[in-house]
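Single-letter residue listing:
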Amino acid sequence: MQPVLEMRGISKTFPGVKALDDVNLTVEPAEILALVGENGAGKSTLMKVLSGVYPHGSYAGDITYEGRPGHFRDISDSERRGIVIIHQELALVPYLSIAENIFLGNEPARFGIIDQGRVYARARELMAMVGLDESPDTLVTHLGVGKQQLVEIAKAIAKKVKLLILDEPTASLSETDSEALLQLLLRFKARGIASILISHKLNEIARVADRITVLRDGTTVETLDCRNGAIDEDRIIRAMVGRTLENRYPVRAPRIGDVLMEVRDWTVHHPVHADRVVVRNVGLTLRRGEIVGVAGLMGSGRTELAMSLFGRSYGQGIRGTVRIDRAEVDVSTIDRAIAAGIAYVTEDRKQLGLVLGEDIARNTTLANLPGVSTAAVIDEAVEHRVATGFRTKMRIRSFGVTQQTVNLSGGNQQKVVLSKWLFTQPKVLILDEPTRGIDVGAKYEIYSIINELAEDGRGVLMISSEMPELLGLCDRIYVMNEGRFVAEFPRAEASQEAIMRAIMRSKGLNG
Amino acid sequence: MTDITASKSMNPGGDLFTGGAAAGEPQARRRGRLPMAQLRAYGLIFALAVITLFFEVATGGVLFQPLNLTNLILQNSYVVVMALGMLLVIVAGHIDLSIGSVVGFIGALAALLMVRFQVDPLTATALCLVVGAIIGGVQGYFVAYLAIPSFIVTLAGMLVFRGLTQALLQGASIGPFPDVFQLLSKGFLANFAGPWTALLIAFGVTALLIGLNWRRRQARIRAEGPAESLASFIFRNGVTATLMLAFAYQMSAYRGLPNVLLVMFALVMLYHFITTRTTIGRRIYALGGNIKAARLSGIRTERLTFLTFANMGALAGLAGMIFVARLNTANSKAGVGFELDVIAACFIGGASAAGGIGKVSGVVIGAFIIGIMNNGMSMLGIGVDYQQVIKGVVLLAAVCLDVHNKNNRL
């Protein structure tokens, strides 16, 4: 059978760096091809070559698409032939409706006048196809990320897609939404649409992919065929990093001390809808040297709990007490929370964690400028020394501390954010999805850092949607659902099944 | 992930844990940030030099004559003073359109206080500065705490204070001001050391500045930080020193150093220090660069925004007084359109409309580019109509060049 797409010997050079070196990739008709590799392995570059972001001529090699040469000048050129990319950062207009977004730039119109009737009829059709149960009039801004993703896919189908490329589509989705998306891909496959799925979530890949192409350092390492027997995750990881990751979680002998932080009856209301309770009577304890996990589904109130504890940066009508070292502390503003010894590492490091236009040094000291100043005057030599110290300790890969953080990879950006918070000398670190969008190798480094924090006698409260990560790292796990803590497991008793059972059992208790 | 991060984090053939930095390093060094940033600063100085030389030649050498040079300083001083405040406002991600009207209002207030009510000039000046700060603060309150876009708040302020200026003056022009007050704009530093006082002072200040720069560079080298090369240091400081001394030499040939120049110089140094070395300056840049990240880092962003507007108001008040002291009369047209020159100076000087970027040195050069063009074009007899056209084109060209440079840097 003739493949849909064949990329042969693709090489792409940027000044000084060979980003792609003789890459080969084929997509068979109606198959799901997974493209995996660490950040920087060249996945995105390869997809940009394919879609014409890098026009024909700016790279070496051949592309054959549907039996004809696929030399695209730009994105619209490749879209005309049915290749559609859905990027990680969604490209929807928030204040336009679902229907308007689906047909944006592709409106059924006559002489420039949009045929509203057709727009809605077609939009309903497409929405039904992707399983989006909303009115076509709903503004996209009112949809959650999962549904926005579905709008993107509906938009792709409207363009008569034949080859759908999804760049980390489930990175910010809850498990239910991810599952729905994967089912959708399988349905497309049944209808004869081929797709390329880029993802870091190896369990998903192992489940839906027909074949897996692994990129490493800009070259194709191998293509694994899953149709003749399942491929396990360790096999994929081995191909990605070029060696076996003996243990995905570094070992730690916990030395747990006294109670460090105690939260009682913590209740938070929604910032806009004051009658909605987002966090309900939560109580938690955290000891010195302890890593405590908070498991739960997307929207269970974990981030809201963390941010409300951190200087009321979320919500209103907050009630409850926080004690650190037995004394009640004032966490009513962020600077007071920092002074009380709390640090919060956000789940969204680009939007909320870093000033991307500024360099590593300036980001490192931002939350504790007095630490490098005398009488409000910054001592740049001290600042440089501090930042360089963290850069070495955290193994931040950059050409110095004056590199802008926008140019760093996800893992290195996260290390800068961690440096910033460590420099405030916190007693308690709240880590919100600390490894989101970070590749396997860098994850291990982040885990090691988290372990070191605990070994220093700090308390770590870790929120994560990746259950294996919580199970691998935490001494104790709280399970959160619908704003309440519904279960607590010591390490020995915790398992994915136990956590899921606790969540399911508690469903609907709030009526 | 963009292609840039992809290419930078590539480590062909290297081991995962050690290869990254080593492989990325030489390339990154080659196009490191420091030389590029300096090139941009040089580009601005180069543009100022070209414009200056053009008018010097076109006016047959009048531009640099001591009398005209002094006039240039006097005419331009209030633009520079306000540009310092506007820089902070723009870096914080906002804009202030009201300053032209505030200049008029404070000028009128100063006239009423001193001329009509015979308030002592020093008290009146202090009072005017406070009123300026309050005006800025009130607008800042709406922007910072009520989250009304600054464009709208200050557009309203522009109308309100222009109207209040007219109401205060009742259509009359009020003057003349007490002699002491006029010294602010018309006075010159006493030539205590003979005719070369200006040169002497300039020499002292230059030596001091170079000394400070040298100390800072040595400190950076000791900390193994990024320091500019010796050649670049000598070139940059050499050019600055030469310019300052040549300028002082010309000035001493007229009446010496005007008081307002000293005020301006002190403010430029102060704001340079605040923006580059103090925590409050650093926080304003962080606020403009990413307000959410800044807030989550414990920075009280509302208070900071409020303060930048209050500061802008006080500087607009000062500029208002410099302006009326020079004209020696307050009228209701004073300050019309000043906000445009000031904002243009900031953008020509490399401040980013998106916030987070901008330098005092750039803004001062931007203000002088505007000032020299105003002065030179007037001398060449170009009508006000075409002066505006030319200034508009220069503004657009400067920002285009800036955007182009930034894109190339990435």
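1. Some remarks on the overall build of chain B
Phase 1: Within chain B, the regular secondary structure consists of 17 helices and 0 strands.
Phase 2: Per-residue burial over chain B gives 42% buried out of 410 residues.
Phase 3: Of the contacts formed within chain B by residues at least 6 apart in sequence, a portion of 80% connects residues at least 24 apart.

2. Comments concerning the pairing of strand β18 (residues 342–345) of chain A
All names here are of chain A.
Phase 1: Burial of the side chains of β18 extends over both faces: Ile 342 and Tyr 344 are buried on one face and Ala 343 and Val 345 on the other.
Phase 2: Relative to strand β21 (residues 428–432), β18 runs parallel, the two being bridged by 4 bridges. Residue Tyr 344 lies in a different strand from β21, and its bridge partner there is Ile 430.

3. Thoughts on the sheet that holds strand β13 (residues 259–269) of chain A
Residue and element names in this part refer to chain A.
Phase 1: Read from one edge to the other, the open sheet built from 4 strands follows the order β14-β13-β16-β17, with strand pairing classed as antiparallel. Two strands in the sheet have a free side with no partner beyond their single neighbour: β14 (277–287) and β17 (327–328).
Phase 2: Pairing of β13 with strand β16 (residues 316–324) involves 6 bridges; the strand directions are antiparallel. Paired with Arg 264 across the two strands is Thr 321, which belongs to β16.

4. Brief notes about the pairing of strand β11 (residues 211–216) of chain A
Residue and element names in this part refer to chain A.
Phase 1: The pairing of strand β3 (residues 32–36) with β11 spans 4 bridges and is parallel. Residue Leu 33 lies in a different strand from β11, and its bridge partner there is Arg 211.
Phase 2: Here β11 pairs with strand β12 (residues 219–225) via 6 bridges, running antiparallel. Along β12, the bridge assignment pairs Ile 212 with Leu 224.
Phase 3: Joining the antiparallel neighbours β11 and β12 is a turn of 2 residues, in which Asp 217 adopts a positive phi near 50 degrees.

5. Overview of the domain arrangement of chain A
All names here are of chain A.
Phase 1: As assigned here, chain A comprises domain 1 (5–241) and domain 2 (259–341 + 426–506).
Phase 2: Each of domain 1 and domain 2 has a C-alpha centre, and the two are 34 Å apart.
Phase 3: Taken together, the 9 residues of domain 1 in the interface contact 8 residues of domain 2.
Phase 4: A total of 3 residues in the side of domain 1 that touches domain 2 trace back to one element, the largest contributor, which is helix α8 (residues 233–241).
Phase 5: Classifying every residue of the side of domain 1 that touches domain 2 gives 4 nonpolar, 3 polar and 2 charged.

6. So, the packing of helix α5 (residues 99–116) of chain B against helix α14 (residues 301–327) of chain B
Each packed pair of helices is defined by two parameters, the angle between the axes and the distance between the axes.
All names here are of chain B.
Phase 1: Between α5 and α14, the shortest axis-to-axis distance is 7 Å and the interhelical angle comes to 60 degrees. With respect to α14, the axis of α5 lies oblique. For the element pair α5 and α14, the recorded crossing hand is right-handed. When α5 is examined against α14, the residues Ile 99, Val 102, Val 103, Gly 104, Ile 106, Gly 107, Ala 110 and Ala 111 are found in contact with a partner set consisting of Met 312, Gly 313, Ala 316, Gly 317, Ala 319, Gly 320, Met 321, Phe 323 and Val 324.
Phase 2: When the residues that make up the contact of α5 with α14 are grouped by side-chain class, the tally is 12 nonpolar, 5 polar and no charged.

7. Side note on helix α7 (residues 150–169) of chain B
An α-helical turn contains 3.6 residues, so a residue and the one three or four places further along point in the same direction.
Residue and element names in this part refer to chain B.
Phase 1: If you check α7, its first and last C-alpha atoms are 28 Å apart, about what 20 residues at 1.5 Å a residue would give, namely 28 Å.
Phase 2: Along α7, the positions that sit buried rather than exposed are Ser 150, Val 153, Thr 154, Gly 157, Phe 161, Arg 162, Thr 165 and Leu 169. Down the axis, α7 shows its buried residues gathered within 160 degrees of arc, on one side only. Exposed residues pointing more than 90 degrees away from the buried face of α7 are listed as Ile 152 and Ala 167.
Phase 3: On its buried face, α7 is in contact with α5 and α6 (121–144).
Phase 4: Looking one or two places after α7, you find Gln 170, whose phi comes out positive at around 50 degrees.

Here is what the cut-offs are and how they apply
- Residues numbered from 1 in each chain as written.
- Chains lettered and ligands numbered in written order.
- Predicted model: local features only at pLDDT ≥ 70, side-chain atom pairs only at ≥ 80, totals over all residues.
- Helix = DSSP H or I, 4+ residues; strand = E, 2+ residues; numbered from the N terminus.
- Buried ≥ 20, exposed ≤ 12 C-beta atoms within 10 Å, placed from the backbone.
- Contact = placed C-beta atoms within 7 Å.
- Pairing = 2+ DSSP bridges.
- Domains from an automatic or database assignment.
- Nonpolar A, V, L, I, M, F, W, Y, C, P; charged D, E, K, R; others polar.
- Axes fitted to C-alpha atoms, helices over the stretch in contact; angles between N-to-C directions.
- Parallel < 35°, antiparallel > 145°, perpendicular 65-115°, else oblique.
- Left-handed = near helix turned anticlockwise from the far one by under 90°.
- Expected span 1.5 Å × (residues − 1).
- Arc of directions from axis to C-beta.

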